[in-house]
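An overview of the molecular structure
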Amino acid sequence: MKKKFETKYGYFTEDGKEFVITDYRTPRPWVNVISNSSYGLVVSQLNGGFSWIVHSNLNRLTRWEQDLIRDNWGKYIYLRDEESREFWSPTIKPVMKEVESYQCRHGIGYTFFQSYYKGIVVNFRLFVPFHHNLEIWTLRIKNKGNKQRQLSIFTYLEWCLGAAPDSHREFHKLFLETEFNDENQVLLARKRLWEVPSERGHWNTEWNQTAYLACSQSVDGFEGDKEAFIGRYQDLSCPLALERGELTGSQGKWNDSIGSLKKNIELAPGEEKIIYFYLGAEKNPEKIFSQIKKYRNPDNIESAFQEMKETWEFYLTATTVETPDEALNFMTNTWLKYQSISGRLWGRSAYYQQSGAFGFRDQLQDSQVYLYMQPDLTKKQILYHAKHQLKEGKVLHWWHPITDQGHDGNMSDDLLWLPFITIQYLKETGDWSILDEKLPFYDDPVSQTLFEHCVRAIDRVLNRFSDRGLPLILAGDWNDGLSAVGLEGKGESIWLAHFLYYILNEILPVLEQKNLSEKIVYYRQRADELKEAINEIGWDGNWFWRASKDSGELIGSHLNKAGKIFLNPQTWAVIANSTTKERQQKIMHEVESLLESEVGPTLFHPAYSSPDPEIGYLSRYAPGVRENGGVYIHAAVWLIWAECLLKRREAAYRIYRKICPIYNSQNPDCYCAEPYVTPGNIDGPDSPHYGRGGWTWYTGSAAWLFRITIDNLLGIRADYEGLIIDPCFPQDWKEVKIKRLFRGTNYFIKFISSGKSEAQVTEIFADGEKVDGNLIPVGSGKSKVEVIVRIR
Ligand code: GLC
């Protein structure tokens, strides 16, 4: 197998479906987020990380502290040689003894460690079955030497059982209890207090799950007490239990509760043994025993592993691409989908951020990824979010599953993502019935149709205008960091103005479908007025300014010292087509010369060097970091969209390459972040760490990059009537193939390009028949259609 995109830390496998880490000293933790939408875990290349059920913040099974430098909280494994008493960790941490060989492979739905030390090979696989709330650790241990070996395996984790971080551990530990069930050989863990309020008040309910840790065979010891395991003033690299070689069997309500099991194994020369461990949680404790019983049978483990792989295969293969750019292929075919689904939609967790909650705008945008494989799931997400709208039209900024409690952040844009994603869903599926789905409001049980929910969102924004006809920014508008610009209800947003203009136009076909002529006239008129205001008031001379403060002072204007020009109001002027073509060309030219850096466009320039209380926390970040003049990947992807709309094909692809993690990680000690997932941001030129990626996994950029790659760069886009063919890939790409699932038909599309600069489609044939224009109409009813597109 050929190694792809290899650096000193590792490489992609030839099919791009695994990243193999060969040196554990990666510049940051390189993690995997594995989830089945109910149970999940994060695991780093040193086996750091934690596990949760349903909610990574309210229902965490194991303790973990956010420390990306030390990465020293995990669910660990020790091996001990009973003769020499030497011990080590096959995943390096926590013992940190150098093994003779090490490898960590992060794959889709699993992570696999392999190590070799003094004649012992350990293969350790970690995965989560698709339909049960547990993780299974497979330890395959082989004696490569020529003498008999007596080994013991020790596991170690600390119970959290509820809200995290449990910073008040001395209080919370008082409610934890462990119990070893001898008959079933399982260590159970419960907590008699949960942070989630109940009907009978605060702190007056039990954690709603029972957690467990078990081994495939009867164990040779267990431990529920941290002090007994670690020893006083010792630590996990050299704990008392491993020195002693025994666990004490402590359990009950009086400890700082941990979970550890010990299993002895004897290995003849050349012999291999497989031991499994199970960590999980169930609401009904009875189910734990049946679950363990099932998975004590290795056949059931392997079939669960296969089922997990096949389910992922379905998500990954519905829409795929084959282009001359292998990095783009790897990202599009595998990792962006996996990141969006496993990380953002199901796990909602990572190393840089553990949310667990649903963000109104965040997971709606993420759910676009489902459109290309299973649009029903986008529908589910839309309907779920609609229920978190208040009857007056505004929405919760985020809310917690489990409690359904949330926060009304008074953001000015959140609510508009509801019609935005609904429109995308309609274009993808033609399923107009979604508009008639009836859903309650968060504060009103009387259900209204989704259509009504969408209209209330738009109308609400239309009612929040300044006197001069621009929408108010309030507590932020996609850019959460502009958190103080409009708190008094006077500051305005030009980005929001473009976004609203886009929605007002895009909603028209929906209104036509509903025959709402008065509403059409009204929205058209509001759109016209808005466009005029944007262009009259929002124009700064060479670009659009970003926002006005409550005081009236502008942000993103040539008059400013910091934050002179912002990216979003330029890109969205093109996306929304809310200004003239001349201005569109002009602002893109300004973006290129003032914002584009080596690692993509910065969110604005120059960065703020001191906090501005009238702007918000954006200005409080160090210069060049995240929203303060960093390259914010979510917004950078929108630049690719805008470049494609203007048919600036070389620019579009240039930006793609600049933000693509695979290319950036070719310089790993500068970039630092994982090569296989998008980062939330890369430090911009105003940071001394220019080029450093961060906030990986937990970013809306993944689903967006996937969408824009398919829809705009490669140019296969769903519309009401069919698939629009509108490529914008580089001139020297002679052939590109795409498999696109669309309304039940698999379209196998092949672009043949003559390499001229225009990227103009000359001919399209669908199953041998010439197609008029550049739209392949829906309705063939076939399961498969072959499409040939010729480009001049
Ligand atoms: C974070 C938020 C997202 C917001 C973005 C820009 O990623 O989750 O909702 O749009 O920051 O501030």
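Presented here is an overview of the structure given in this document. (Residues numbered from 1 in each chain as written. Predicted model: local features only at pLDDT ≥ 70, side-chain atom pairs only at ≥ 80, totals over all residues. Heavy atoms only, no water.)

1. Here we look at the packing of aromatic side chains
Under the convention used in this document: Two rings from Phe, Tyr or Trp (for Trp, the six-membered ring) form a pair when their centres sit within 6.5 Å of each other. Planes less than 30 degrees apart are called stacked, planes more than 60 degrees apart edge-to-face, and all others tilted. Per-residue accessibility, obtained with a 1.4 Å probe over protein chains only, is compared with the maximum for each type, and a residue is labelled buried under 20%, exposed over 50%, and partly exposed between these values. Numbering of helices and strands starts at the N terminus; helices are DSSP runs of H or I of at least 4 residues and strands are runs of E of at least 2.
With the rule as written, the count across this model stands at 70 aromatic pairs. On the basis of an interplanar angle of 85° and a centroid distance of 4.9 Å, the ring pair of Phe 12 and Phe 19 is categorised as edge-to-face. In this structure, Phe 12 and Phe 19 share a single accessibility class: buried. Judged by centre distance (5.8 Å) and plane angle (75°), the ring pair of Tyr 338 and Trp 697 falls under edge-to-face. Within this pair, whereas Tyr 338 is found in helix H6 (residues 326-347), its partner Trp 697 is found in the loop between strand S36 (693-696) and helix H20 (701-713), the two being separated by 359 residues in sequence.

2. Things to note about the environment of Glu 83
Which entries qualify depends on this criterion: Throughout, a contact is declared for two residues whenever any of their heavy atoms are within 4.5 Å.
Here Glu 83 shows up in the loop between strand S8 (76-81) and strand S9 (87-88). Once you skip the residues sitting within four places of it in the chain, Glu 83 turns out to touch Lys 147, Gln 148 and Gln 150.

3. As for the site of the ligand
Rule in force here: Proximity criterion: a residue is near a molecule or strand once any of its heavy atoms comes within 4 Å of it. Distance and chemistry together define a polar contact, namely a pair of N or O atoms within 3.5 Å, with one atom able to donate a hydrogen and the other to accept it when in protein, and with adjacent residues in sequence counting only for side-chain atoms on both sides. In these tables, accessible area is a Shrake-Rupley quantity obtained with a 1.4 Å probe, and a residue counts as shielded only by the protein chains included in the view. All amino acids are sorted into three groups, where Ala, Val, Leu, Ile, Met, Phe, Trp, Tyr, Cys and Pro are nonpolar, Asp, Glu, Lys and Arg are charged, and the leftover types, Gly among them, are polar.
In the vicinity of the ligand, the residues found are Arg 361, Asp 362, Trp 478, Asn 479, Asp 480, Glu 627 and Tyr 632. Here an oxygen atom of the ligand sits 2.7 Å away from a polar atom, N or O, in the side chain of Arg 361. Residue Asp 362 places a side-chain N or O atom 2.5 Å away from an oxygen atom belonging to the ligand. Relative to its free-state accessible area of 310 Å², the ligand is covered by the protein chains to the extent of 88%. A breakdown of the residues in the shell around the ligand according to their chemical character gives 2 nonpolar, 1 polar and 4 charged.

4. Regarding the packing of helix H11 (residues 494-506) against helix H14 (residues 568-575)
Our working rule: In this analysis an axis means a line fitted to C-alpha atoms, helices contributing only their contacting stretch, and an angle means the value between N-to-C directions, from 0 to 180 degrees. Just so you know how the angles are binned, under 35 degrees is roughly parallel, over 145 roughly antiparallel, 65 to 115 roughly perpendicular, and the rest oblique. For any helix crossing, the convention is left-handed if the near helix is rotated counterclockwise from the far helix by under a right angle, and right-handed if that rotation is clockwise.
Running from N to C, H11 and H14 cross one another at 15°; their axes reach a closest spacing of 8 Å. One way to sum up the angle between H11 and H14 is to call them roughly parallel. Seen from above, H11 lies across H14 with left-handed handedness. For the pair H11 and H14, the contacting residues are Ile 494, Trp 495, His 498, Phe 499 and Tyr 502 in the first and Asn 568, Pro 569, Trp 572, Ala 573 and Ile 575 in the second. Taken together, the residues of the contact of H11 with H14 sort by class into 8 nonpolar, 2 polar and no charged.

5. Details of a negative patch on the surface
Using the following cut-off: Residues form patches when they are more than 30% accessible in relative terms and have no salt bridge. Like charges link within 9 Å. Nonpolar side chains (Val, Leu, Ile, Met, Phe, Trp, Tyr) link within 5 Å. Salt bridge, as used here, is a side-chain nitrogen of Lys or Arg placed within 4 Å of a carboxyl oxygen of Asp or Glu. Note on charges: Lys and Arg go in the positive column, Asp and Glu in the negative column, and His and the chain ends are not counted at all. To locate a charge, the coordinates of NZ of Lys, CZ of Arg, CG of Asp or CD of Glu are taken.
Among the surface-exposed residues, Asp 528, Glu 529, Glu 532 and Glu 536 lie close enough to one another that they form a single negatively charged patch. Note on placement: Glu 536 falls in helix H13 (residues 517-537).

6. Some thoughts on H20
The criterion, for reference: Expected helix span is taken as 1.5 Å per residue step, with the number of steps being one fewer than the number of residues.
Compared with an ideal rise of 1.5 Å per residue, which puts 13 residues at 18 Å, H20 spans 15 Å between its outermost C-alpha atoms and falls more than 12% short. With 13 of its 13 residues buried, H20 lies for the most part within the structure. Gly 715 sits one or two positions beyond H20 and adopts a positive phi of about 80°.

7. A short note on the nonpolar core
Formally: Nonpolar core, defined: a set of buried Ala, Val, Leu, Ile, Met, Phe, Trp, Tyr and Cys residues in which side-chain atoms within 4.5 Å join the residues together.
With 250 residues, the main nonpolar core has Ile 141, Tyr 278, Trp 312, Phe 420, Ile 640 and Phe 751 as its most contacted residues. Apart from the residues lying within four places of it in its own chain, the contact partners of Ile 640 are Ala 652, Ile 655, Tyr 656, Ile 659, Leu 705, Ile 708 and Leu 713. Formed by 13 residues, the second largest nonpolar core is a distinct cluster that contains Val 95, Ile 230, Ala 241 and Leu 247.

8. A closer look at the sheet that holds strand S34 (residues 631-632)
What counts, and what does not: The pairing criterion is simple: DSSP has to find at least two bridges between the two strands.
Strand order in the open sheet formed by 3 strands is S34-S35-S36, and the pairing between neighbours is antiparallel. Both edges of this open sheet fall to S34 and S36, since each of them pairs with a single strand only. Examined bridge by bridge, S34 and strand S35 (residues 679-682) share 2 bridges and lie antiparallel to one another. Bridge pairing links Val 631 to Ile 682 in S35.

9. Remarks on the pairing of strand S37 (residues 716-719)
Put simply, side chains in a regular strand alternate between the two faces of the sheet. Of the pairings in the sheet, the one linking S37 to strand S38 (residues 722-725) comprises 4 bridges and is antiparallel in character. Its bridge partner being in S38, Ala 718 is matched across the sheet by Leu 723. Counted along the chain from S37 to the antiparallel partner S38, the turn is 2 residues long.

10. What about the pattern of salt bridges?
Inspection of the entire model under this criterion finds 66 salt bridges. In this structure, Glu 643 engages Arg 648 in a salt bridge whose closest nitrogen and oxygen atoms are separated by 2.4 Å. For Asp 726, the salt bridge identified is with Arg 717, shortest N-O distance 2.8 Å. Of the residues examined, Asp 726 reaches a relative accessible area of 18% and is grouped as buried. What you see here is one network of salt bridges that share partners, running through Arg 63, Glu 158, Asp 166, Arg 169, Lys 226 and Asp 256.

11. Regarding the pairing of strand S16 (residues 186-191)
The buried count for S16 comes to 5 of 6 residues, which makes it a mostly enclosed element. The pairing of strand S15 (residues 176-181) with S16 spans 6 bridges and is antiparallel. Bridge pairing in S16 places Asn 181 opposite Val 186. Here S15 folds back onto S16 in antiparallel fashion, the turn holding 4 residues, of which Gln 185 has a positive phi close to 55°. Where S16 and strand S17 (residues 210-215) come together, 4 bridges link them in antiparallel fashion. Its bridge partner being in S17, Ala 189 is matched across the sheet by Ala 211.

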